[in-house]
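Geometric and topological summary
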Amino acid sequence: MAADHGTRSRPGYPAAAGVFAVGMAGATLPTPLYGLYQAEIGFSELMVTVVFAVYAVGVIAVLLTAGDWSDRAGRRPVLFCALGLSAVADLCFLFEGGLPLLFAGRLLSGFSVGLLSGTATAAVLELAPPHRAARAGFAATAANMGGLGCGPLLAGLLARYAPDPLRLPFVVHLALLAVAVVVVRLLPETVAGRAGEHRHRHRHRPQGMAVPPEARAVFAPAALAAFAGFSLLGLFTSVVPSFLAQTLKADDLAVAGAVVFSLFLASTAGQSLTGRLGVRRSLPAGCLTLVAGLLLVGASLTAESLPLLLAGTLAGGLGQGLAFRAGLASVGDAAPAGHRGGTISAFFVAAYTGLTLPVMGVGALTLWLGLRNAGLVFTAAVTVLALCVGLLLPRGAREGAAGR
């Protein structure tokens, strides 16, 4: 009884969601600062996308090799490791003196997020009582997107209104990470029984991409929707600040951070609507809303219009949030408990592949077409993909949801 009371007195899923948000904020903290790094070090727009892509490569590498680690070792040890890697990444930016430490910081950020994405999502879901399952699902996805949105907002505001813009944001984030570590120490472990058994019985093997048969029916539409939505997120967290400064002459770092933040805020709003619409409706509705947002972003590139860009930001974020939460809920519900962390990690592999490959393509195209035309090619390609998912694949998602 005493042990049970102690467990109940510990922080629950909202605290775990807070840890999730703090960890994710570090991933996007450099977003509005890339222009300052370009001026200080001297590198092209292509190199901006390469530096950004190194982060996503780190995420994918960890998801592929250790995506199910928390299913074996427990949630808390993996959360500690993820927060530690995020802290080391911050230190790389604090002592940055050129591209090598920028690459190192982004790679370590990717490692951190790769561990955090599946682990923290599973922890939030498992710490919630059954009658709060829906709220916990929203808390997990909102912490993911909300944390990513708060990173550029925090860095943009500090860079605009406080001294030492390339150092202070990371000092503040280190302080937040210290608080998150304390919270993790207080969280109950949800897989302690399985962790010890697996630790002694097996050496670690790469299993992060494994999708159990129970989840495969819903995985394909969910993964494609995540790929398309995260492609838009990648564009905004790497190239859009440069478009604002070079084409729209909006070189205020606080404005750049606020625009990127509004994308993630709209994503969070979209996630809140998923519970009302239901998973079966949210996936196609999210994809079609994402298409509308992409068309508006493309129009803003053509007309060089900030209002159109803001409209596309809000519509695209709303659609991405709808589709993302629907996909994550489908995959998480379909996966058996012993493989939930690995299955969710596989979903994030698809998402972060979308974050990486299209953005690198934009960076390469800027060398021949310029920033605006490269953005138009990007929006056209992702629009076609999102439209196909919205129109052709919701049937598969409905069948998977009915099967659950």
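The present account deals with the structure reproduced in this document. What you see is a predicted model, and the numbers here were worked out from it, not measured in a lab.

A look at helix α13 (residues 253-277)
- For α13, built from 25 residues, the straight-helix expectation of 36 Å at 1.5 Å per residue is met to within 8% by its first-to-last C-alpha distance of 36 Å.
- The N-cap residue of α13 is D252: its side-chain oxygen and the backbone nitrogen of A254 are 2.8 Å apart.

Re the packing of helix α8 (residues 133-161) against helix α9 (residues 168-186)
- For the pair α8 and α9, the least separation of the axes is 9 Å and the interaxial angle reads 135 degrees. Here α8 lies oblique to α9, going by the angle between them. Relative to α9, α8 is oriented so that their crossing is right-handed. Of the residues in α9, those in contact with L154, A155 and L158 of α8 are L168, P169 and V172.
- Residue classes in the contact of α8 with α9 are distributed as 6 nonpolar, no polar and no charged.

Some points on the pattern of salt bridges
- Under the criterion given, the structure shown has 4 salt bridges.
- In this structure, the salt-bridge partner of R167 is E96, at a minimum N-O distance of 3.9 Å. With R167 in the loop between α8 and α9 and E96 in the loop between α6 (75-94) and α7 (99-127), this residue pair connects regions lying 71 residues apart in the sequence.
- Using a relative accessible area of 22% as the deciding quantity, one classes R167 as partly exposed.
- Between D252 and R160 there is a salt bridge, and its shortest N-O distance comes to 3.1 Å. Of this pair, D252 sits in the loop between α12 (240-246) and α13 while R160 sits in helix α8, placing them 92 residues apart in sequence.

Parameters at a glance
Residues numbered from 1 in each chain as written. Predicted model: local features only at pLDDT ≥ 70, side-chain atom pairs only at ≥ 80, totals over all residues. Heavy atoms only, no water. Helix = DSSP H or I, 4+ residues; strand = E, 2+ residues; numbered from the N terminus. Expected span 1.5 Å × (residues − 1). Polar contact = N/O pair within 3.5 Å; in protein donor to acceptor, adjacent residues only side chain to side chain. Axes fitted to C-alpha atoms, helices over the stretch in contact; angles between N-to-C directions. Parallel < 35°, antiparallel > 145°, perpendicular 65-115°, else oblique. Left-handed = near helix turned anticlockwise from the far one by under 90°. Contact = heavy atoms within 4.5 Å. Nonpolar A, V, L, I, M, F, W, Y, C, P; charged D, E, K, R; others polar. Salt bridge = Lys/Arg side-chain N within 4 Å of Asp/Glu carboxyl O. Buried < 20%, exposed > 50% of the residue type's maximum accessible area, 1.4 Å probe, protein only.

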